[in-house]
Amino acid sequence: MGRRRGRVAQCGTATHPCRGWSPRSVPAASETRREWAEALLRESADALSHDHPQLAITTQSIDGPPAASLATAASTADVLVLGSRALGTVAGFVLGSVGMTVLHTTAQPVVLVRSGEDALLNPGGEPRGGLVVGVDIGRPCDALLAFAFAEASRRDCRLHVLHGCQSPPLYGYGAAYDPGVYAEIKEETTAELLDMVKPWRDKFPTVDATVDTPVAHAAHTLVDAGAKADLIVVGRRIRHASLGPHIGSTTHAVIHHATAPIAVVAHD
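These numbers were taken from a predicted model, which means no experiment stands behind them. (Residues numbered from 1 in each chain as written. Predicted model: local features only at pLDDT ≥ 70, side-chain atom pairs only at ≥ 80, totals over all residues. Heavy atoms only, no water.)

### Some points on the sheet that holds strand S5 (residues 131–134)
Sheet architecture is open: seven strands sit in the order S3-S4-S9-S8-S5-S6-S7, paired in mixed fashion. Only two strands of the sheet have a single partner each, and these edge strands are strand S3 (80–83) and strand S7 (209–212). The sheet shows a mean angle of 25° between the axes of neighbouring strands, taken without regard to direction. The pairing of S5 with strand S6 (residues 159–162) spans four bridges and is parallel. Residue pairing in the sheet places Val133 in a bridge with Val161 of S6. (Pairing = 2+ DSSP bridges. Helix = DSSP H or I, 4+ residues; strand = E, 2+ residues; numbered from the N terminus. Axes fitted to C-alpha atoms, helices over the stretch in contact; angles between N-to-C directions.)

If you want it as structure tokens, here you go:
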């Protein structure tokens, strides 16, 4: 991943004169709105400094369209972190239009964190642990694996590398099920995944990395495996489609159904 620029916590707000904030929570007058934003930043920075005194924390308030402002700020950062909205009983991550635009256009990794204290716990009420990364063995995933292994090394935790195998369109209606077919698919896919992961295991020998290739839908596999994880890492391929940038169906499903924090890594 190259030389990192260090771990600096940066709190930011981006305000738009007409959009981006609820009128119930943010004053309407421009000067009052700026004062509100600066006070919010000070309070956030003070709370972070209290909980994490080892971090160097800076704050910045930027006028202009929130999505463009956040994307600009992220261009010089290692990681951009976005929070979810707390909406009723929705279990997964709820990403607004600003967040989705930033996610689609930001080249740096974007980490999505659910709001609420329960984001630190798995559904069983126990602390989370380890990282889960989903890869596609049919295409290069170097940037995705580089981020996952580096993050697992920094956190000194286990890394679980997953590739969900789709079941083959075998047999007609009423035909017998042959478990040997699925076993063969899993064996071949596991061998390919081990080959993909080997260079990163060699580069990060202290990372305890395991691999698995369940015959199941990729999104379901990642959501289930990530239920007890500190972080789920997924990819977003950089595409230049006529309808604009977008994310794949698996990443989209994980974003909206996983309960753990999610890192979305843009890669070719």
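The rest of the description comes next.
### Notes on the pairing of S3
Burial along S3 is one-sided: Leu80 and Leu82 are buried, and none of Val81 and Gly83, which face the opposite way, are. Bridging between S3 and strand S4 (residues 110–113) involves four bridges; their strand directions are parallel. Looking at S4, one finds that Val81 is bridged to Val111. (Buried < 20%, exposed > 50% of the residue type's maximum accessible area, 1.4 Å probe, protein only.)

### As for helix H4 (residues 142–155)
Between its terminal C-alpha atoms H4 stretches 20 Å, which fits the 20 Å expected from 14 residues at 1.5 Å a residue. When we look at burial in H4, the residues that qualify are Leu144, Leu145, Ala146, Phe147, Ala148, Phe149, Ala150, Glu151 and Ala152. Asp156 occupies a position one or two residues after H4 and carries a positive phi of about 55°. (Expected span 1.5 Å × (residues − 1).)

### Concerning the packing of helix H6 (residues 218–225) against helix H7 (residues 249–257)
One way to put it is that H6 packs onto H7 with a least axis distance of 9 Å and a crossing angle of 35°. The handedness of the crossing between H6 and H7 is right-handed. Contact residues: H6 offers Ala218, Ala219, Leu222 and Val223, while H7 offers Thr250, Ala253, Val254 and His257. In the contact of H6 with H7, the residues fall into six nonpolar, two polar and no charged. (Left-handed = near helix turned anticlockwise from the far one by under 90°. Contact = heavy atoms within 4.5 Å. Nonpolar A, V, L, I, M, F, W, Y, C, P; charged D, E, K, R; others polar.)

### Section: the nonpolar core
Counting 28 residues, the largest nonpolar core has Val133, Val135, Phe149, Leu159, Val161 and Val233 as the members making the most contacts within it. Elements with a contribution of two residues or more to this core: S5, H4, S6, helix H5 (179–203), strand S8 (231–237) and strand S9 (262–267). The biggest single contributor to this core is H4, with eight residues. In this structure Leu159 touches Leu131, Val133, Ala148, Phe149, Ala152, Val207, Asp208, Ala209 and Thr210, once residues within four positions along its chain are discounted. Residues Ala74, Val132, Val234 and Ile255 belong to the second largest nonpolar core, which totals 23 residues. (Core = buried A, V, L, I, M, F, W, Y, C linked by side-chain atoms within 4.5 Å.)

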